[in-house]
Amino acid sequence: MSAETLIQFIQSRNAHAKLIAPAPNAHELQQVFSAAYRAPDHAKLTPARFRVIEGEGLHALGALFVEVNQIASNHPLSESEKQSILKKPLRAPMIIVASCEVQAHEKVPEIEQMLSAGCSVQNLLLSIEALGYGAIWRTGNIAFDPKVHAGLGFSENEKMLGFIYIGTKEGKAKTIKPVDYSGLVSRWPAE
């Protein structure tokens, strides 16, 4: 693959919300995680953590979401509200929970570890796309709820990055609009 082809591939990566089965298989996931862990990683702390959820795990995640929403709402959820929440994890055949386990290190501050883990997620997204699948990175209030973190078995120092919904693309991809970065990139010192 030429450099130009690789750059065009990266420029064309896009979130895809409509995802159906199949999701990546075990061999494909090995490739994806091998690429994810090639992200910049000062002091080789490997801060990125991933939890693969599929099958019955998606139903369990929906139940966890209902439980957390019930507590947060301060009123009983209606049956339709519960069903709506239960369906959220079923929008794709696989979800990968991405997080960062922050470690105490005198030369690598938390922000560097979070950025490294975020780069791991970007490598994961590019790898999923390269294999012909689609993905979308979702968060929302539920992603940052401590009860969700506890339910997912997060360590005390683990911070949520998001839910990566993965599957086979269905329907038309949304149009990618080019970003005008002219006001976002500058030279220093100014000429």
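Residues numbered from 1 in each chain as written. Predicted model: local features only at pLDDT ≥ 70, side-chain atom pairs only at ≥ 80, totals over all residues. Heavy atoms only, no water.

S.K.: Run through the overall build of the protein chain, naming residues and quoting values.
M.R.: Within the protein chain, the regular secondary structure consists of six helices and five strands. Mapped in sequence order, the helices and strands of the protein chain form the string α-β-α-β-α-α-β-α-β-α-β. With respect to the three principal axes, the spread of C-alpha positions in the protein chain is 60 × 45 × 40 Å. Looking at the protein chain as a whole, 38% of its 191 residues are labelled buried. For the protein chain, long-range pairs separated by at least 24 residues make up 82% of all intrachain contacts whose partners lie at least 6 apart in sequence. About 11700 Å² of surface is accessible on the protein chain, with carbon and sulfur atoms providing 55% of the total. (Helix = DSSP H or I, 4+ residues; strand = E, 2+ residues; numbered from the N terminus. Buried < 20%, exposed > 50% of the residue type's maximum accessible area, 1.4 Å probe, protein only. Contact = heavy atoms within 4.5 Å. Areas by Shrake-Rupley, 256 points an atom, 1.4 Å probe, with all protein chains shown as cover.)

S.K.: Go over the pattern of salt bridges, please, and point to the residues and values.
M.R.: Charged atoms that come close allow side chains of opposite charge to pair. Applying the stated criterion across every chain yields a total of four salt bridges. Notably, a salt bridge pairs Arg51 with Glu158, separated by 2.7 Å at the nearest N-O pair. Placement of the pair is Arg51 in strand β2 (residues 48–54) and Glu158 in strand β5 (residues 158–169), with a sequence separation of 107 residues. Residue class for Glu158 comes out buried when judged on its relative accessible area of 8%. (Salt bridge = Lys/Arg side-chain N within 4 Å of Asp/Glu carboxyl O.)

S.K.: Please provide a residue-by-residue account of the side chain of Asp41, values included.
M.R.: Position of Asp41 relative to the elements: it lies in the loop between α2 (26–36) and β2. One buried charged side chain, Asp41, makes no salt bridge at all; its nearest oppositely charged neighbour is Lys44, positioned 5.8 Å away. Apart from residues lying up to four places away in sequence, Asp41 is in contact with Thr46, Pro47 and Ser116. (Lys, Arg positive; Asp, Glu negative; His and termini not counted.)

S.K.: So what about the packing of aromatic side chains? Which residues, and what values?
M.R.: For the structure shown, the criterion picks out three aromatic pairs. Relative to Phe50, the ring of Phe33 lies with its centre 5.5 Å away and its plane at 35 degrees, an arrangement referred to as tilted. Note that Phe33 is positioned in helix α2 and Phe50 in strand β2, a separation of 17 residues in sequence. Connected via pairs of aromatic rings, a cluster forms that spans Phe33, Tyr37 and Phe50. Directly above the ring of Tyr165 sits Arg138, whose terminal nitrogen or CZ lies 5.1 Å from the centroid. (Phe/Tyr/Trp six-rings, centres within 6.5 Å; stacked < 30°, edge-to-face > 60°. Lys NZ or Arg CZ within 6 Å of the ring centre and 35° of its normal.)

S.K.: Lay out the environment of Pro109 with the relevant residues and their values.
M.R.: Tracing the sequence through the fold places Pro109 in the loop between β3 (94–101) and α5 (110–130). Counting along the chain gives 61 residues from Pro109 to Glu170, while the straight-line C-alpha distance between them is 41 Å.

S.K.: For α2, give the residues involved together with the corresponding values.
M.R.: Buried residues of α2: Glu28, Leu29, Val32, Phe33 and Ala36, and no others. One side of α2 holds all its buried residues, which, seen down the axis, span an arc of 130 degrees. More than 90 degrees from the buried face of α2, the exposed residues found are His27 and Gln30. Elements in contact with the buried residues of α2: β2, β3 and α5. The N-cap residue of α2 is Asn25: its side-chain oxygen and the backbone nitrogen of His27 are 3.1 Å apart. (Arc of directions from axis to C-beta. Polar contact = N/O pair within 3.5 Å; in protein donor to acceptor, adjacent residues only side chain to side chain.)

S.K.: Account for a nonpolar patch on the surface, with residues named and values stated.
M.R.: Residues Val179, Tyr181, Leu184 and Val185 make up a contiguous nonpolar surface patch of about 480 Å² in total accessible area. Here Val179 is to be found in the segment after β5. Of the residues examined, Val179 reaches a relative accessible area of 61% and is grouped as exposed. (Patch = residues over 30% accessible without salt bridge, like charges linked within 9 Å, V, L, I, M, F, W, Y side chains within 5 Å.)

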